[in-house]
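Observations on the three-dimensional arrangement
Next come the chains, spelled out residue by residue.
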Amino acid sequence: MTTAPTPTTDDAPSPPAPAPAQGRGAWSTLRPLVLRLHFYAGVLVAPFLLVAALTGLLYAASFQAEKIVYDHELTVPVGDRELPVSEQVAAARAARPDGEITAVRPSPEPGATTRVLLSGIPGVDPGHTLAVFVDPYTAKVRGELEQYGSTGALPLRTWIDEFHRDLHLGEPGRLYSEFAASWLWVIACGGLVLWFSRRRTQRKLRGTTGRRRTLGLHGGVGAWVALGFVFLSATGLTWSAYAGAHIGDLRTALGQETPAVSAAAGEHAGHGTAGGAGGDAAHGVGLDRVLAAARAEGLDNPVEIVPPADEGSAYVVQQIQRSWPTKQDAVAVDPATGQVTDVLRFEDFPVLAKLTRWGIDLHTGSLFGLVNQIALMLLALCLILLILWGYRMWWQRGRGSAFGRPIPRGAWQQVPPQVLVPLLALVAVLGYFVPLLGIPLAAFLAADIVLGEIAHRRGRRTYGPASR
């Protein structure tokens, strides 16, 4: 039989909370509420954040790993002269006569292969394409791999990407990542405010031990990386299931959607296109003339050529460089005449469309290449450490081999109405636009109130000063 540990200052029942003092500062009444929210959000959301951080760390590293694993398919010895794109596509077609060519990515730099993308291949995920890699100097096929997304992720990065996004559970699994992104910024901002509200002497790390040292590490590192977490949270929500839909609706209402080049062909559409049928990319004037027309409009590498979808459509050539400076210009080329029928410049994108593009690319590690990927890995490592330190602090609040008591409830009752009412209105608005923040928060508040009433009826409800 074990003996309960002797109560100490941390374990003793908290005295009843004093009534709010007249003229009391707004922060002094809000701090216990922020502390309780930070504590419970950290405890309950941390497992989801831990998974997101670990998988995000792997994803940031997957860009460089992909270059090593698939070096044979991605690179070739530099030759004297590149063959016409049409010859390279013909070689890929000879190796893979099945399926339909959906796009061609000519070699973007010396020593890089050309990718011919095919859809409708048996055994390939319907949402993916099969990339056939062709040596641009010899037209020899170097291999074929399944590809996903506009960044051209190959199997290794695709697997990690899907694990990070939805745990390989499909659409239901996306709720985990949206839930984590919805709460990350709340936890980060709450911790940042709590850290800077402490006295400077309390924030010192040197010479401290035990729980105070853990708190110093948790708070100090968290303060340095909080803005990075807010950025990851905001950009992660832009393509989430529910919050992302609201963001998309808002951009539409503001006229800030991402534009697209018009793929309608000219008046000669449907004529002179006998050269391509049955999924062949060589419609009308052919790929070489189409690429030359795009080059004349200033579209340098890397580019992707999309064949006409039907007899009334044009070729679309679009730059696909996500690194800085971003290259996303696009042109439409009439398959019958080889004339450019529409031009779209990235510089003409609406402001929110540009910010969304840059935000997503920075979030995924594409915008600044290796430097970007290293920064993301450091952020992920910091988040993992903060979670471990947070749980350790909770443990150190206890005695022996048990976690400490939670932060006392009832803090919201001490907040003046003139502060509480606008705060609740703000939470309601945020909850509407970010439902996986609003719904869990409402459920927590309801459960907290019910448990508080039960404790009150049993005569055990205690409110006490919150401390860290």
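Residues numbered from 1 in each chain as written. Predicted model: local features only at pLDDT ≥ 70, side-chain atom pairs only at ≥ 80, totals over all residues. Heavy atoms only, no water.

1. Re the nonpolar core
Within the largest apolar cluster, 34 residues are counted, with the highest numbers of intra-cluster contacts made by Leu-49, Trp-183, Phe-229 and Leu-383. Those elements giving two or more residues to this core turn out to be α1 (26-69), α5 (174-197), α6 (210-237), α10 (369-397) and α12 (435-457). Beyond its immediate sequence surroundings of up to four residues, Phe-229 is in contact with Leu-184, Ala-188, Leu-379, Cys-382, Leu-383 and Leu-386. (Core = buried A, V, L, I, M, F, W, Y, C linked by side-chain atoms within 4.5 Å. Buried < 20%, exposed > 50% of the residue type's maximum accessible area, 1.4 Å probe, protein only. Helix = DSSP H or I, 4+ residues; strand = E, 2+ residues; numbered from the N terminus. Contact = heavy atoms within 4.5 Å.)

2. Description of the packing of helix α4 (residues 155-166) against α5
Relative orientation of the contacting elements α4 and α5 amounts to 65°, with a least axis distance of 6 Å. Judged by the angle between their axes, α4 and α5 are roughly perpendicular. Here α4 contributes Phe-163, His-164, Arg-165 and Asp-166 to the contact with α5, which in turn contributes Arg-174, Tyr-176 and Ser-177. Residue classes in the contact of α4 with α5 are distributed as two nonpolar, two polar and three charged. (Axes fitted to C-alpha atoms, helices over the stretch in contact; angles between N-to-C directions. Parallel < 35°, antiparallel > 145°, perpendicular 65-115°, else oblique. Nonpolar A, V, L, I, M, F, W, Y, C, P; charged D, E, K, R; others polar.)

3. What to know about the pattern of salt bridges
Taken as a whole and assessed by the stated rule, the structure comprises eleven salt bridges. Between Asp-361 and Arg-322 there is a salt bridge, with the nearest N and O atoms lying 3.3 Å from each other. With Asp-361 in helix α9 (residues 351-364) and Arg-322 in the loop between β6 (315-319) and β7 (330-333), this residue pair connects regions lying 39 residues apart in the sequence. Residue classification places Asp-361 among the buried positions, given a relative accessible area of 0%. Judged by its relative accessible area of 13%, Arg-322 is buried. (Salt bridge = Lys/Arg side-chain N within 4 Å of Asp/Glu carboxyl O.)

4. Side note on the packing of aromatic side chains
Evaluated as defined, the whole model comprises twelve aromatic pairs. For the ring pair Phe-39 and Trp-394, a centre distance of 5.8 Å and an interplane angle of 90° mean the geometry is edge-to-face. On the criterion of sequence distance, the pair formed by Phe-39 in helix α1 and Trp-394 in helix α10 is long-range, its members being 355 residues apart. According to the relative accessible area criterion, Phe-39 is buried, its value standing at 12%. Members of the aromatic cluster, connected to one another through ring pairs, are Phe-39, Tyr-40, Tyr-391, Trp-394 and Phe-444. The ring of Phe-63 has Arg-157 sitting right over it, with the charged end atom 4.4 Å from the ring centre. Directly above the ring of Phe-346 sits Lys-354, whose terminal nitrogen or CZ lies 5.9 Å from the centroid. (Phe/Tyr/Trp six-rings, centres within 6.5 Å; stacked < 30°, edge-to-face > 60°. Lys NZ or Arg CZ within 6 Å of the ring centre and 35° of its normal.)

5. Quick look at the environment of Ile-384
Within the element layout of this structure, Ile-384 appears in helix α10. Note: C-alpha distance between Ile-384 and Ala-53 (331 residues apart in sequence) is 6.5 Å. Once you skip the residues sitting within four places of it in the chain, Ile-384 turns out to touch Leu-50, Ala-53 and Leu-54.

6. Some words on a nonpolar patch on the surface
Together, Leu-250, Leu-254, Val-351, Leu-352 and Leu-355 give the surface a local cluster of nonpolar side chains, amounting to about 450 Å² of exposed area. Of the residues forming the nonpolar patch, the biggest block, three residues, is contributed by α9. The residue Val-351 is located in helix α9 in this model. (Patch = residues over 30% accessible without salt bridge, like charges linked within 9 Å, V, L, I, M, F, W, Y side chains within 5 Å. Areas by Shrake-Rupley, 256 points an atom, 1.4 Å probe, with all protein chains shown as cover.)

7. Describing unusual backbone geometry
Backbone torsion omega between Asn-301 and Pro-302 reads 0°, so that peptide bond is classified as cis. In this model, Trp-324 is joined to Pro-325 through a cis peptide bond whose omega is -5°. With respect to the helices and strands, the residue Pro-325 is situated in the loop between β6 and β7. Despite not being glycine, Ala-139 has its phi angle at roughly 65°, a positive value. With respect to the helices, strands and loops of the structure, Ala-139 is situated in the loop between β3 (129-134) and β4 (141-147). At Leu-167, a position not held by glycine, the phi torsion is positive, near 60°.

8. Here's the deal with the environment of Ser-28
Structurally, Ser-28 can be placed in helix α1. Separated by 169 residues in sequence, Ser-28 and Ser-197 place their C-alpha atoms 9.8 Å apart.

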